[in-house]
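# Coordinate inspection notes
The residues making up each chain are set out below.
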Amino acid sequence: MMTKRLTYAALFTALTIILSSFSVPVPGGHFYFNKVIIFLASLVFNPIEAAVIAGAGSFLGDFFFYPAPMFVSLIVQGFAAYTVSKLVGDARNVSKTQIFLALLVGSVISVVGYGLGRSFIYSTPAYALLKLPFDILSSVLGSALAYSLYYLSSFSKTLQKALH
């Protein structure tokens, strides 16, 4: 069972890294799609595993493609994933509302964390404010897509069955 969990965790980490490389240019930076995998991992894995997947995947994605915020990504995405996973517990046994609220909390952590991180890295809150609408959009879309994938596809049921 541990081999399967490790394999799936490695797959989710790799997907996080890969989706960190695909972006849409927006004012003040880029819009990334890795939050979908981060939030989905938070619903499937336990808190420590989710934090490692999200933190390491985001860190390595930034390291390879844009290293300036890599430590911010490690902390913020790891903490957001840990929190969502901790709030949800076993997603098979909680309501859709609880999962929605946990993803909302994770989105707030991500937006606030990146805002503070950018203010610190670039020494200007103006840059963080410029990127704020896109951080909000990224978190909302990421959590909505993860929520949809979790409930509307057989992928999550298959993954839950394989991991438990």
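Residues numbered from 1 in each chain as written. Predicted model: local features only at pLDDT ≥ 70, side-chain atom pairs only at ≥ 80, totals over all residues. Heavy atoms only, no water.

Under an unreviewed UniProt entry, the name given to the protein is ECF transporter S component, and the source organism is Streptococcus sciuri.

## A few points about the packing of aromatic side chains
Within the structure shown, the criterion is met by six aromatic pairs. Geometrically, the ring pair formed by Phe-12 and Phe-45 is edge-to-face, given 5.3 Å between the ring centres and 80° between the ring planes. With a gap of 33 residues between them, Phe-12 in helix α1 (residues 2-21) and Phe-45 in the loop between α2 (35-44) and α3 (47-65) connect regions that are remote in the sequence. For the pair formed by Phe-12 and Phe-45, the shared burial category is buried. Aromatic side chains Tyr-150 and Tyr-151 sit 5.1 Å apart centroid to centroid with 85° between the ring planes, which places their arrangement in the edge-to-face category. Overall, Tyr-150 belongs to the buried group, its relative accessible area being 7%. Joined through ring pairs, the aromatic side chains of Phe-63, Phe-64 and Phe-65 make up one cluster. Positioned over the ring face of Tyr-151 is Lys-96, at 4.9 Å from the centre of the ring. (Phe/Tyr/Trp six-rings, centres within 6.5 Å; stacked < 30°, edge-to-face > 60°. Helix = DSSP H or I, 4+ residues; strand = E, 2+ residues; numbered from the N terminus. Buried < 20%, exposed > 50% of the residue type's maximum accessible area, 1.4 Å probe, protein only. Lys NZ or Arg CZ within 6 Å of the ring centre and 35° of its normal.)

## Topic: the packing of α1 against α3
Working note: a packed helix pair is described by the angle between its axes plus the distance between those axes. The interhelical angle for the contact between α1 and α3, taken along N-to-C directions, is 35°, at an axis separation of 8 Å. Crossing angle aside, the handedness with which α1 passes α3 is right-handed. Mapping the contact onto sequence places Arg-5, Ala-9, Phe-12, Thr-13, Thr-16, Ile-17, Ser-20 and Ser-21 in α1 and Glu-49, Ile-53, Ala-54, Gly-57, Ser-58, Leu-60, Gly-61, Phe-64 and Phe-65 in α3. Of the residues that constitute the contact of α1 with α3, the class distribution is eight nonpolar, seven polar and two charged. (Axes fitted to C-alpha atoms, helices over the stretch in contact; angles between N-to-C directions. Left-handed = near helix turned anticlockwise from the far one by under 90°. Contact = heavy atoms within 4.5 Å. Nonpolar A, V, L, I, M, F, W, Y, C, P; charged D, E, K, R; others polar.)

## Describing α2
Burial analysis of α2 places ten of its ten residues in the buried class, which makes it a mostly covered element. On its buried side, α2 packs onto α1, α3, α4 (70-88), α5 (96-121), α6 (125-152) and α7 (154-163).

## Points about the side chain of Asp-62
Take Asp-62: it is sitting in helix α3. It turns out Asp-62 is buried and unbridged, and the closest side chain with the opposite charge, Arg-118, is 7.9 Å from it. Ignoring any residue separated from it by four or fewer positions in sequence, one finds Asp-62 in contact with Pro-67, Pro-69, Met-70 and Ser-73. (Lys, Arg positive; Asp, Glu negative; His and termini not counted. Salt bridge = Lys/Arg side-chain N within 4 Å of Asp/Glu carboxyl O.)

## Here's the deal with the layout of surface pockets
To find the voids left in a structure, one rolls a probe of water-molecule size over its atoms. By volume, the second largest pocket amounts to about 160 Å³. Taken together, Phe-100, Leu-103, Leu-104, Ser-107, Val-108, Val-111, Ile-136, Ser-139, Val-140, Ser-143, Ala-144 and Tyr-147 make up the lining of the second largest pocket. Residue composition of the lining of the second largest pocket, by class: nine nonpolar, three polar and no charged. (1 Å grid on protein atoms, 1.4 Å probe; cavity = no way out; pocket = protein on both sides within 12 Å on 5 of 7 lines; lining within 4 Å. Points joined across faces, edges and corners; volume = space filled by probe spheres on them.)

## A word on the pattern of salt bridges
Where charged atoms from two side chains of opposite charge come close, those side chains can pair. Applying the stated rule across the entire model yields two salt bridges. Across the pair Glu-49 and Arg-5 runs a salt bridge whose closest N-O atoms are separated by 2.5 Å. Of this pair, Glu-49 sits in helix α3 while Arg-5 sits in helix α1, and the two are 44 residues apart along the sequence. The class for Arg-5 is buried, based on a relative accessible area of 13%. The salt bridge involving Arg-118 is made with Asp-135; its shortest N-O contact spans 2.6 Å. Taken together, the positions of Arg-118 in helix α5 and Asp-135 in helix α6 put the pair 17 residues apart, joining distant regions of the chain. Exposure class is identical for Arg-118 and Asp-135. Each is buried.

## Digging into the nonpolar core
Ranked by size, the top nonpolar core spans 24 residues in total, and within it Phe-12, Leu-43, Phe-45, Val-84, Val-88, Ile-99 and Tyr-150 carry the most contacts. Breaking this core down by element, the ones donating at least two residues are α1, α2, α3, α4, α5, α6 and α7. For this core, the leading source of residues is α2, giving seven residues. Non-local contacts of Phe-12, meaning those with residues more than four positions away in its chain, are made with Ile-37, Leu-40, Ala-41, Phe-45, Ile-53, Phe-155 and Leu-159. (Core = buried A, V, L, I, M, F, W, Y, C linked by side-chain atoms within 4.5 Å.)

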